[in-house]
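For reference, the chains in residue letters:
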Amino acid sequence: MALKPVTTPDAEAATIELTIDGEPVSAKEGVSLYDVIASTGRIIPAMCYHYTFDPFGSCGMCLVIQEGKKAPVRSCTAKATAGMVVRTQGEDLIQARKKAVEKHLSVHPLDCPVCDADGHCELQDMAFLHGVTNLANARPKNIPEDTRSLVLDFNMNRCIACGECINICKDVQRIDALQFMKKGGFTQVVAKGDQPLVCEFCGDCLAVCPVGAITNKFSKYAYKPWQLKKTTTTCNYCGDGCQMYLETKDTDVIRVTSFLSWKNKWGDRADTVNGHGGLCVRGRFGFQFIDSPDRLQIPLVRRGDSLVETPWIEALDLAADRLKAIKAAHGPHAIAGVITARCTNEDLYVFQKFMRSVIGTNHLDSSARYGHVNFVRAMRALGATRAMNTSAEITKANTILLVGSDITETNPVASLRIKEAIGVYKAQVIVVDSMVTNIGKLASYPLLITPGTERAFIQGLVKSVVEQDLVDEETVSRFPEAFAALKHAVAALSLDHISALTGVAVDQIHEVARVFAEAPRSIILCGEGVVRQSRGYDTVLALIDLAWVTGKLGRPGCGVSTVTEEANEQGAIDMGVAPEFLPGPVSFDDPVAREKWERAWESPLPPRGEGASLMEIIQLCREGRIKALYLVGENPLATLPESCGIREALANLELLICQDPFLTETAQFAHLVFPACTFAEKEGTLTNQEGKVQFVRPALDPLGESAVDWHIFVGIAQSMGAKMPYTATSDVQAEIRKLLPGYYNLGRSKPVAVQLEPYLENGYRHNVAERYKGYEVAPLPSATASPDTRFHLYLKQVIYHSGKLSTRASGLMKISPNRHLLQMAPEDLASLGLSDGAEIRVSSDRGSVKLQARPDPALPRGVCVYPEHFIEPPVKDLFSVDLDPVTHVPYFKLSQVAIEKA
Amino acid sequence: MKSTSTAKKFWDTVLFREIWDAMKVTFKHMFHRPMTFQYPREKRTIPDTHRGALGLLRYDDGKERCVGCDLCEAACPSRCIKVISEEDKSMPLERYASEFYIDITKCVFCGYCVEACPVNALAMTKLYEYSTHDKRTLLFDKKRLYEIGDRYIEDAKKYLYAHNLEKDDEASRAYRYHFPEPVLKSNDS
């Protein structure tokens, strides 16, 4: 409920009785009267009200008569109190509301025909509802339109000063990029300081604007709401899994909207724990890749040096013949496949079934290998396979330990849950990162650590918990042996040494450990700084150690969770697209599971203990033992550093099949290129990082001759003479439903059951001693330069991009083009004698590139950041690939480089 | 039933009375002006309210009236109109119809689109002679509609006048939509 929300989820407001239209109604004390009236099903018009923020009371529409008051009162800003007698209907109220509409209309231009909000405008609706036909004193404002922002146009002639945009930016997004300003005699909404708007461009202000005052530059004047076909689907960019409406006209995507709108204004503030229904900049403005002119439309086959357009039948037969020939000559293990985790669950399932039962190889992997596998493998020790917490639990946590995750950049909508926890529920948030992140600025304990020391810091926390005796007696007494082993393991650690290593004072480590351990509901959230950095698997295990000794495992509202970069990384694991997993996921070597799947697929599985993951596949390609590689949506040439020999590996192949919506760098090397559909043309499901399975629905027909990914797998399988009797997505779904009962628990994630016993009682002792032995930072490949010019270079995600896919979206490229900018601490820039925009040479032992320097006050000295999304210049090639010894995850996000003036 | 005498029946039969009655009408028409027109040599005068082919109009300064608001498409009961609008590249912030189609084979000439148009950009003319051997030419595009509008501008104005939509050029200017100016770009960008 709005107005004064309860500051802690544990407190329950008192229940009161009041009378509305003669009916007795019970409500919570202190909430807005408007909410109480709305909860009885009465709809009172209101133009400035939205449930996600506190009532603002500017429109004057929600008038009701309260007994004992002479004039009508605004119900939104009035608090419900006991014994209130309220009337919500009557001719006098209609006249009073009509006056308010007339007031707004008298300074509103009658430009509905050219307004993008025409037909989706609250002022229009209200004028119709109240029969406003005659405006005696209308005077237009004649304010010029503010088109300075890259994304949004502000036409303040149409503004009714409801303040919804300002409130949602301040209360929900906590960015506060907009403000009211009195200009030219009118109150106008302007970006802070009347500058061109520069913000995260989530577009929530656009969604809640009840009139056409804020409009979208990318679809300006291109539509009227009634022309658009609205398809509810799931966003394909990150693991948050936001629901969105793709609005299409014929074959074009015109705009993207979501549930968040001025139309859906009635709700309970407590509902926002499951998301406020909004989107981020990628979801809302990054749709242009769907109908991009660069999309592949016809299969391409290599003839000599060029790729030639070929009919589907011919291309499929060619692929099948070549695969069959390679299988016959070198055995099925000479074939490998890698698929992107942006595909739907159905694509992923059919892909692994195709590789395992039709080809007969277990050399298959997905892009979850870039990090999420670390988390899943660690969780499997506890019998779980994914993040433990739902967004509701994160919102209502008392303490959130956010490790190595710039969550506002990587998963902007998930970060709103933490922002709500901070702002509404007053949670303590501990942010551990090597730079000042946006969430760190809001957090109560922002800790800056030396790059690459996340694991040492976590182990320091574990030691501090043991030292300060903050352990949970109940859990520890259940597992005395395991605790003794852990105690023994951390005894060798020195907090002073860890403090020197991480750059965090011992007192601070102790304080943070106390805050974390003493809260009844603590959640650990880890991101790319943990799972994508050296020995990430061990770091996640250390996080689990921290959670279990403080008794945070198995308790409601506690747990260890992660955020994922791609939309369906969790689904890729669940569908068994990894050499170590069968769908479920269960271990590939588990004899019971193997028998089940062999029986279901009516074909033997590849032998146990076999199977190569991503980096091993590349190694085998280099050695010439893999002859054919099937890449679905993956672009390793643009993703992996040159130093892992990817170019050599691809050149060694006899057959490289690429299946992608675009002709990527890798596809240009391919022998066969199949045009695939984007998510907007597919039917299927995606599993988000919480384990929610959500629908993807086709908004458009496939572009040209491009085809859905699993159709192509089935096509090749049938050309090879194998049986894959799927004709519709529902056939694949039926098979998954049958074999993985309960997986399609659509929209809800199954609660994660944690079993501590098997983990802590078997082999934990040895394991923990091993893990805490070498807590030194893995030596980073040092550049050949003096320490003065040596820097830590991070490859980071930025909010405006996701993987390489978003660089195909013209809107996002307009917001965040490739400027070849390396962000550095201003002090470093000064000490190197560089100015903003100076040409610099960044070099490592792997080579050097030329970039431009840009000061970023968020960075500490010695740290610099480059966005990982841009291929040119090849900054990624400066990195060496470090393999995880257990999970074989490649780490190439952090390196040491030398920087000098070019 | 009226009983007629046998004698009357006899004389009617002998004198072919029915024939004379019928011929009376025929001979009367010999002294009338002819009812038919010798189309296409002769054409009839058409009233101003006549609903003929649709045309798109311009203001007297030559600017297209249509702002691409799509209300005609929404009002059309036979769904024969298609409007594609966008921002005018040469005139920032001005909305116009980049494409405009009327499938005249589907049109039922109800005139709702003209009623719906907020800037009176559409009008019906007295043009009805557009029969063709090629049905595809009956999908009127924007160019053809403006040609019709330019050529039959007088008809269109009379139509709008007769339907109480627009009195004169003065009234057309009153309906004209004036777009706001963009804020000047700041110096640094």
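Everything numeric here is computed off the predicted structure, so don't read it as measured data.

1. Focus on the overall build of chain A
Assigned secondary structure in chain A consists of 31 helices and 36 strands. The C-alpha atoms of chain A give a radius of gyration of 29 Å, which matches the 29 Å a tight globule of 902 residues would have. Each of the three principal axes of chain A carries a C-alpha extent, and together these read 90 × 70 × 65 Å. When the 902 residues of chain A are sorted by exposure, 57% land in the buried category. Pairs at least 24 apart in sequence give 75% of the contacts found in chain A among residues at least 6 apart.

2. Quick look at the overall build of chain B
Counting its regular elements, chain B contains 7 helices and 5 strands. Reading the helices (α) and strands (β) of chain B from amino to carboxyl end gives α-α-β-α-β-β-α-β-β-α-α-α. In terms of its C-alpha atoms, chain B occupies a principal-axis envelope of roughly 115 × 40 × 35 Å. Classification of the 189 residues of chain B by burial places 27% in the buried group.

3. Some words on the packing of helix H9 (residues 372-380) of chain A against helix H20 (residues 536-549) of chain A
When two helices pack together, their arrangement is given by the angle between the helix axes and by the axis-to-axis distance. All names here are of chain A. Packing of H9 against H20 brings their axes to within 8 Å, and their N-to-C directions diverge by 45°. Taken together, the axes of H9 and H20 lie oblique to each other. Taken as a pair, H9 and H20 cross one another with a handedness that is right-handed. Contact residues: Asn374, Phe375, Arg377 and Ala378 in H9; Gly536, Tyr537, Val540, Leu541 and Ile544 in H20. Residues belonging to the contact of H9 with H20 are distributed by class as follows: 6 nonpolar, 2 polar and 1 charged.

4. Notes on the domain arrangement of chain A
Under the domain assignment, chain A is made up of domain 1 (15-89), domain 2 (109-285), domain 3 (300-370 + 568-739), domain 4 (388-562) and domain 5 (787-901). If you average the C-alpha positions of domain 1 of chain A and of domain 3 of chain A, the two centres end up 57 Å apart.

5. Concerning the packing of helix H14 (residues 454-467) of chain A against helix H18 (residues 506-518) of chain A
Residue and element names in this part refer to chain A. It is at 9 Å that the axes of H14 and H18 come closest, and there the two elements cross at 75°. The pairing of H14 with H18 is recorded here as roughly perpendicular in orientation. On the side of H14, the interface is formed by Gly460, Leu461, Ser464 and Val465, while H18 contributes Ile509, His510, Val512, Ala513 and Ala517. Across the contact of H14 with H18, the residue classes break down as 6 nonpolar, 3 polar and no charged.

6. Here's the deal with the interface of chain B and chain A
Listed as interface residues are 21 residues of chain B and, on the opposing side, 18 residues of chain A. Among the elements of the structure, helix H3 (71-75) and strand E2 (81-87) of chain B are those that each provide at least two residues to the side of chain B that touches chain A. In terms of residue count, E2(B) provides more of the side of chain B that touches chain A than any other element does, 3 residues in total. When its residues are assigned to classes, the side of chain B that touches chain A shows 11 nonpolar, 4 polar and 6 charged.

7. Comments concerning the sheet that holds strand E13 (residues 300-303) of chain A
Residues and elements named next belong to chain A. Taking strand neighbours across the sheet as the criterion, the 7 strands line up as E14-E13-E26-E25-E24-E15-E16 in an open arrangement whose pairing is mixed. The open sheet is flanked by strand E14 (306-309) and strand E16 (364-366), the only strands paired with a single partner. Averaged over all pairs of adjacent strands, the angle between their axes in this sheet comes to 20°, without regard to strand direction. When strand E24 (residues 628-632) meets strand E25 (residues 655-660), the two strands line up parallel, connected through 5 bridges. If you follow Leu629 over to E25, its bridge partner there is Leu656. Across the face of the sheet, helix H7 (residues 312-330) comes into contact with E13, strand E15 (335-339), E24, E25 and strand E26 (672-675) while running at roughly 135° to E26. Most of the contacts of helix H23 (residues 614-623) go to E15, to which it runs at about 140°, and overall it touches E15, E16 and E24.

8. Digging into helix H5 (residues 142-151) of chain B
All names here are of chain B. Within H5 the residues assigned to the buried category are Arg144, Leu145, Ile148 and Gly149. Projected down its long axis, H5 shows its buried positions confined to an angular sector of 135°, all on one face. Residues of H5 that are buried sit in contact with strand E1 (54-56), strand E3 (95-103), strand E5 (139-140) and helix H6 (153-162).

9. Overview of helix H16 (residues 480-491) of chain A
All names here are of chain A. Here H16 contains 12 residues, and its C-alpha end-to-end distance of 16 Å stays within 8% of the 16 Å for a straight helix at 1.5 Å per residue. Where H16 is concerned, the buried positions are Ala482, Phe483, Leu486, Ala489 and Val490. Within H16, the buried residues cover an arc of 125° as seen down the axis, which keeps them to one side. In H16, the exposed positions that point more than 90 degrees away from the buried face belong to Pro480, Glu481, Ala484 and Ala491. Summarising the contacts, the buried residues of H16 are in contact with H14, helix H15 (473-478), H20, helix H28 (756-761) and helix H29 (764-771).

10. Quick notes on the environment of Phe285(A)
Residues and elements named next belong to chain A. Along the chain, Phe285 turns up in helix H6 (residues 281-285). Classification of Phe285 as buried rests on a count of 30 C-beta atoms within 10 Å. Linking Phe285 and Pro451, residues 166 residues apart in sequence, is a C-alpha distance of 33 Å.

11. Let's talk about the pairing of strand E2 (residues 23-28) of chain A
As a general feature of sheets, a regular strand has side chains that alternate between the two faces. Residue and element names in this part refer to chain A. Looking at chain direction, strand E1 (residues 15-20) and E2 are connected through 6 bridges and run antiparallel. Within E2, the residue paired with Thr15 across the bridge is Lys28. Between E1 and E2, which follow one another and run antiparallel, lie 2 residues, and Asp21 among them has a positive phi close to 50°.

12. With respect to the nonpolar core
All names here are of chain A. Of all hydrophobic cores here, the largest spans 319 residues; its most connected members are Ile400, Leu402 and Leu543. Looking at this core element by element, the count peaks at 10 residues for H20. If we skip the residues at most four places from it in the chain, Ile400 touches Ile394, Ile418, Ala421, Ala427, Val429, Ile523 and Leu525.

13. Some remarks on the environment of Lys217(A)
Mapping Lys217(A) onto the fold places it in the loop between strand E9 (214-216) and strand E10 (229-234). C-alpha separation for the pair Lys217(A) and Val752(A), spaced 535 residues apart in sequence, amounts to 43 Å.

14. Thoughts on the pairing of strand E12 (residues 252-257) of chain A
Residue and element names in this part refer to chain A. Within E12, 5 of the 6 residues are buried, leaving the element largely enclosed by the surrounding structure. In the sheet, strand E11 (residues 243-249) pairs with E12 via 5 bridges, with the strands oriented antiparallel. From the neighbouring strand, Tyr245 faces E12, where its bridge partner is Thr257. The turn linking E11 back onto E12 is made up of 2 residues, and Asp250 within it adopts a positive phi angle of 55°.

15. Remarks on the confidence of the model for chain A
Any region with low pLDDT has predicted coordinates that should not be read closely. Residues and elements named next belong to chain A. When pLDDT is averaged along chain A, the result is 91, and 97% of the positions lie at 70 or above. Confidence, expressed as mean pLDDT per element, reaches its minimum in chain A at H29 with 84 and its maximum at E26 with 97. Low pLDDT (under 50) marks residues 1-6, which in the prediction has 24 contacts with non-local residues, meaning those over four places away or in another chain.

16. What to know about unusual backbone geometry
Residue and element names in this part refer to chain A. Cis geometry is found at the peptide bond from Gly584 to Pro585, where omega equals -10°. Tracing the chain through its elements places Pro585 in the loop between strand E22 (581-582) and strand E23 (586-587). The step from Glu872 to Pro873 runs through a cis peptide bond, and the omega angle for that step is -10°. Inspection of the secondary structure puts Pro873 in the loop between strand E33 (863-867) and strand E34 (882-883). Here Asn142, not a glycine, exhibits a phi torsion of approximately 55°, which is positive.

17. Some points on the sheet that holds E3(B)
Residue and element names in this part refer to chain B. Reading across the sheet, the 3 strands line up as E2-E3-E5 and stay open at both edges, with antiparallel pairing between neighbours. Each edge of the open sheet carries a strand with a single partner, namely E2 and E5. Alignment of E2 against E3, held across 7 bridges, turns out to be antiparallel. In the strand pairing of E3, Val83 is matched with Phe100. Strands in contact with H5 are E3 and E5; relative to E3, the strand with the most contacts, it is inclined by about 90°.

18. A look at the confidence of the model for chain B
Looking at chain B, the pLDDT average stands at 89 and 95% of residues meet or exceed 70. Confidence estimates for the predicted assembly give a pTM of 0.92 and an ipTM of 0.83.

19. Some points on the environment of Arg139(A)
All names here are of chain A. When you line up the elements, Arg139 lands in the loop between helix H3 (122-129) and strand E6 (152-154). As for Arg139 and Pro109, which are separated by 30 residues in sequence, their C-alpha atoms are 8.2 Å apart. When neighbours within four sequence positions are excluded, Arg139 is seen to be in contact with Ser106 and Val107.

The rules behind these values
- Residues numbered from 1 in each chain as written.
- Chains lettered and ligands numbered in written order.
- Predicted model: local features only at pLDDT ≥ 70, side-chain atom pairs only at ≥ 80, totals over all residues.
- Helix = DSSP H or I, 4+ residues; strand = E, 2+ residues; numbered from the N terminus.
- Rg over C-alpha atoms; globule rule 2.2 N^0.38 Å.
- Buried ≥ 20, exposed ≤ 12 C-beta atoms within 10 Å, placed from the backbone.
- Contact = placed C-beta atoms within 7 Å.
- Axes fitted to C-alpha atoms, helices over the stretch in contact; angles between N-to-C directions.
- Parallel < 35°, antiparallel > 145°, perpendicular 65-115°, else oblique.
- Left-handed = near helix turned anticlockwise from the far one by under 90°.
- Nonpolar A, V, L, I, M, F, W, Y, C, P; charged D, E, K, R; others polar.
- Domains from an automatic or database assignment.
- Pairing = 2+ DSSP bridges.
- Arc of directions from axis to C-beta.
- Expected span 1.5 Å × (residues − 1).
- Core = buried A, V, L, I, M, F, W, Y, C linked by C-beta atoms within 7 Å.
- pLDDT = per-residue confidence, 0-100.

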